[in-house]
Structures are given as C-alpha cells and as structure tokens.
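Structural description and commentary
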Amino acid sequence: AVAALLIREPQRGRDDAVRFVMTFPEHEAAPRLLARVGGELLDRAETQALADILGPVLARDDGTRRELMLVAWTLNARAADATADYPRAVEAYRSAMVHTVETDERHAALSTGLTTALLNAGRQSVERDAWELAGVISQKGAASREGIVADHLLNVRLAKLQTRATYVSIAFGIIGVVVGAA
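All values derive from a computational prediction rather than experimental measurement.

We now examine the packing of helix α4 (residues 47-59) against helix α5 (residues 66-82). Packed helices, taken two at a time, are described by the angle between their axes plus the distance between the axes. Put simply, α4 and α5 touch, their axes get as near as 10 Å, and they point 150° apart. Both α4 and α5 take part in a crossing whose hand is left-handed. Residue-level contacts link Thr47, Leu50, Leu54, Val57 and Leu58 of α4 to Leu68, Met69, Ala72, Trp73, Leu75, Asn76, Ala79 and Ala82 of α5.

This is the structure:
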C-alpha cells in the first residue's frame with residue numbers, strides 16, 4: 001500500500017514510508033522502504049530531505065536491526081559523498097560496515113566507498129591548505145618572508161596532490177586488473 005502511494009503521491013508516500021519505518025523498524029519491509037525512499041531522494045539530489053529522514057533512524061542505531069541500519073548508514077554515506085562532505089562519508093561508511101560481515105558482497109562495496117571517501121577527504125584537506133597558502137602569497141607578496149615560505153609550502157602541497165593522484169590511479173588500475181581477471 002505504501003509503495004503504491006509512493007508512486008501516486010510521492011510526498012505523502014514518502015512521509016508514510018518513513019512513519020512506517022520508524023513505527024515498525026523490525027518489519028522485513030522497513031529496509032526496502034527506506035532504501036526506495038532514500039534512493040529517490042538521492043536521485044533528485046534532495047540530500048537535506050534525506051538527512052531529515054535518516055536522522056531519527058540513525059539515532060536509534062543500537063546494534064540491532066542490522067539490515068535497516070545498513071541501509072540507513074549506506075544512504076547517509078552516499079548523501080555525504082554527493083555533497084562532498086567526505087569526513088561524514090568516512091564515518092558513515094565505517095558505521096555501515098559494522099552491520100556487514102566480510103563475506104557479504106556489500107562489505108566490499110562499502111570498503112571501496114570508504115577508501116574513496118578517505119582519499120577525497122585527504123585531497124580536500126590539501127586543496128584547502130593550498131588555497132590558504134595562495135591567499136598568504138597574494139596578501140603578503142611573493143617576495144616577503146611569509147610569501148616565500150607560503151610559496152614553498154604551496155609547492156610541496158601541490159606535489160603531494162600530484163603524487164597521491166598517481167598512487168590512486170595505479171591502485172584503481174591494479175584493482176581493475178584483478179577484478180577483470182576474476
């Protein structure tokens with residue numbers, strides 16, 4: 001009934017689906033409903049609406065309802081990735097992985113997502129530092145003592161970015177070869 005309502009009246013159906021998930025979190029349909037509603041919100045880039053829905057569900061993560069929590073944390077991770085909030089994505093992927101076992105195929109996908117989020121978080125941090133250093137150079141001038149130091153640090157940070165990008169492309173290339181051979 002809720003699935004049909006999702007098609008006819010998306011907002012009302014979404015509200016009913018969330019109410020159902022919160023009222024009956026142990027029900028076998030709860031993870032599927034949450035996945036469907038969350039997937040639709042992600043497809044429409046409505047990450048704030050998704051965060052509003054996931055907040056109360058994630059607050060109830062007490063280690064039980066493994067499947068529901070796996071879906072909720074995975075949606076949270078995907079939403080964080082979509083908004084480039086990589087530190088939140090890292091935490092969400094880690095939390096989702098708690099609800100899987102290593103033999104579960106979803107565990108490997110979550111592990112890949114976690115690795116990518118960690119790399120993106122590191123890159124984002126280095127880029128932010130680089131912009132701050134460029135601002136110092138711009139304000140103080142490249143010939144000043146602070147400008148010379150900032151210029152040197154900026155070159156070091158940019159070299160690290162290039163090196164990391166090379167390592168990442170090599171790692172993904174190796175993973176692609178291994179997966180392709182299997």
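So, on to helix α3 (residues 30-43). Since the α-helix turns once every 3.6 residues, residues separated by three or four places project in the same direction. Taking 1.5 Å of rise per residue, 14 residues should cover 20 Å, and α3 covers 20 Å from first to last C-alpha, within 8% of that figure. A positive backbone phi angle near 60° is found at Ala45, which sits one or two residues after α3.

Right, let's talk about the packing of aromatic side chains for a bit. All told, the structure shown has 1 aromatic pair when counted by the stated rule. Look at Phe20 and Phe24: their rings are 5.3 Å apart centre to centre, the planes differ by 50°, and that puts the pair in the tilted class.

This paragraph deals with the side chain of Asn76. If you trace the backbone, Asn76 turns up in helix α5. Of the residues examined, Asn76 reaches a relative accessible area of 10% and is grouped as buried. The residues touching Asn76, leaving out its near neighbours within four places in the chain, are Leu54, Leu58, Arg88 and Ala92.

Our next topic: the environment of His99. Its place among the elements puts His99 in the loop between α6 (86-98) and α7 (105-140). Overall, His99 belongs to the buried group, its relative accessible area being 5%. A polar contact is formed between the side chain of His99 and the side chain of Asp61, at a distance of 3.1 Å.

Moving on to the packing of α3 against α4. Running from N to C, α3 and α4 cross one another at 155°; their axes reach a closest spacing of 8 Å. Accordingly, the angle class assigned to the pair α3 and α4 is roughly antiparallel. By crossing handedness, the relation of α3 to α4 is classed as left-handed. Of α4, the residues touching α3 (which contributes Leu34, Val37, Gly38, Leu41 and Leu42) are Thr47, Ala49, Leu50, Ile53, Leu54 and Val57. Split into classes, the residues belonging to the contact of α3 with α4 amount to 9 nonpolar, 2 polar and no charged.

Reading the values: the criteria
Residues numbered from 1 in each chain as written. Predicted model: local features only at pLDDT ≥ 70, side-chain atom pairs only at ≥ 80, totals over all residues. Heavy atoms only, no water. Axes fitted to C-alpha atoms, helices over the stretch in contact; angles between N-to-C directions. Helix = DSSP H or I, 4+ residues; strand = E, 2+ residues; numbered from the N terminus. Left-handed = near helix turned anticlockwise from the far one by under 90°. Contact = heavy atoms within 4.5 Å. Expected span 1.5 Å × (residues − 1). Phe/Tyr/Trp six-rings, centres within 6.5 Å; stacked < 30°, edge-to-face > 60°. Buried < 20%, exposed > 50% of the residue type's maximum accessible area, 1.4 Å probe, protein only. Polar contact = N/O pair within 3.5 Å; in protein donor to acceptor, adjacent residues only side chain to side chain. Parallel < 35°, antiparallel > 145°, perpendicular 65-115°, else oblique. Nonpolar A, V, L, I, M, F, W, Y, C, P; charged D, E, K, R; others polar.

Everything listed here is a matter of geometry and, on its own, says nothing about what the molecule does.
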